[in-house]
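Residue-level structure breakdown
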Amino acid sequence: MKAVLFDLDGVITDTAVYHYHAWKALGEKIGIEIDEEFNEELKGVSRTDSLNRILAKGNKEEAYSQTEKETMAAEKNELYKTMIEEMSPKDILPGIKALLDGLKERNILIGLASASQNGPTILEKLQLTDYFDEIVDPAKLKAGKPDPEIFLTGAKDLGVKPQDCVGVEDAAAGVEAIAAADMVSVGVGDADTLGKATKVVPETGALTVELLEEVWSE
Ligand code: B16
Ligand code: MG
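This structure is a prediction, so every number in the text was calculated from the model and none was measured. (Residues numbered from 1 in each chain as written. Chains lettered and ligands numbered in written order. Predicted model: local features only at pLDDT ≥ 70, side-chain atom pairs only at ≥ 80, totals over all residues. Heavy atoms only, no water.)

Examining the layout of surface pockets
Note the threshold: Cavity means a closed set of points on a 1 Å grid over the protein atoms alone, one where a 1.4 Å probe fits but cannot get out, pocket means an open set with protein on both sides within 12 Å along at least 5 of 7 lines, and lining means a residue has an atom within 4 Å of a point. Grid points are joined across faces, edges and corners, and a volume is the space filled by probe spheres set on the points. Each helix is a run of DSSP H or I of at least 4 residues and each strand a run of E of at least 2, with the numbering of both proceeding from the N terminus. We call Asp, Glu, Lys and Arg charged. Ala, Val, Leu, Ile, Met, Phe, Trp, Tyr, Cys and Pro are nonpolar, and the rest, Gly among them, are polar.
The volume enclosed by the largest pocket comes to roughly 510 Å³. Among the secondary structure elements, those contributing two or more residues to the lining of the largest pocket are α1 (16–30), α3 (47–57) and α4 (66–84). Looking at the lining of the largest pocket residue by residue, the class counts come to twelve nonpolar, twelve polar and eight charged. When its volume is computed, the second largest pocket comes out at roughly 370 Å³. Elements represented by at least two residues in the lining of the second largest pocket include exactly α1 and α2 (36–39). Its residues assigned to classes, the lining of the second largest pocket shows seven nonpolar, five polar and eight charged.

Looking at the nonpolar core
Cut-off, in case you're wondering: Take the buried Ala, Val, Leu, Ile, Met, Phe, Trp, Tyr and Cys residues and link them wherever side-chain atoms come within 4.5 Å; each set so joined is a nonpolar core. Each residue gets one of three labels from its accessible area relative to the maximum for its type: buried under 20%, exposed over 50%, partly exposed in between, using a 1.4 Å probe on protein chains only. Any two residues whose heavy atoms approach within 4.5 Å at even a single point are treated as in contact.
In this structure, F6, I12, L103, L128, F132, L207 and L212 are the most contacted members of the largest nonpolar core, which totals 35 residues. Looking at this core, the elements with two or more residues in it are β1 (3–6), α4, α5 (96–105), β2 (109–112), α6 (119–125), β4 (165–169), β5 (184–188) and α9 (209–217). When near neighbours in sequence (up to four residues on either side) are disregarded, I12 contacts F6, D7, D91, I92, L93, I96, L112, L126, L128 and F132. Grouped together as the second largest cluster of nonpolar side chains are 15 residues, A113, F151, C165 and I178 included.

Let's talk about α4
Quick note on the threshold: Between the first and last residue of a helix there are one fewer steps than residues, each counted as 1.5 Å, and that sum is the expected span.
For α4, which comprises 19 residues, the first-to-last C-alpha distance of 27 Å matches the rise-based estimate of 27 Å (1.5 Å per residue) to within 8%. Turning to α4, the residues buried within the fold contact α1, α3 and α6.

Observations regarding the sheet that holds β5
Applied cut-off: Any two strands with at least two DSSP-identified bridges between them are counted as paired. Lines are fitted to the C-alpha atoms to define the axes, a helix being fitted only along its stretch in contact, and any angle between axes, read from their N-to-C directions, falls within 0 to 180 degrees.
Strand order in the open sheet made by the six strands is β3-β2-β1-β4-β5-β6, with parallel pairing throughout. A single partner strand is all that each edge strand has here, and the edge strands are β3 (134–135) and β6 (199–201). Sheet analysis places β4 next to β5, joined by four bridges and oriented parallel. Bridge pairing in β5 places G167 opposite S185. Here helix α7 (residues 149–158) sits on the sheet and contacts β1, β2, β3 and β4; the angle it forms with β1, its principal contact strand, is near 140°. Where α9 meets the sheet, it contacts β1, β4, β5 and β6, and its direction lies at approximately 135° from that of β5.

Put into structure tokens, the structure is as follows:
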């Protein structure tokens, strides 16, 4: 294992709940209900694709112009940004700091493969930026998760083969993307939702360098 590519929301920190509340607020304004079950389908999915899925759920794909959709996505993002304003290192999920330290000690490269355009800001707030050798810019990608492009770009930027990487994800779309990139994947969360992962752990506290090495070498 030469590199680990991390998802952000739901793996490094729990911003998934803020995305949920921000989309829910927008949904209420336009008369589309967003519950926790539907929210699972939005995890790891880009802002634009998330809005399209929400509008499709309410049979309102054709109800808005492109400009109106852009305004709605921007409005959601503004609300989301106020929610993440106060984030600090205390919001790093259990086990993640120790894992990043362990990877650095062993000279294993670290990359960020998050669909979030707010990723770099959040890493700054968590004071984790310096751990990352590469941060993929999701705005430059042609296709979002479950397409493998974000993970393949991460491996390329780090100068390693996909087969020498492990991807860590909390979303079904993300696990699919890692598998399609021909990488070993570790899913964090529910084994039913993340069934396609090479290995699923229930929470981030279970993520150690030893576990990642073990799953990679299986
Ligand atoms: P933004 P990840 C994803 O991050 C989130 O899971 C998803 O809910 C969100 O819509 C997406 O980022 C885009 O985020 O609106 O901040 O650009 O899980 O890939 O780290
Ligand atoms: Mg995620």
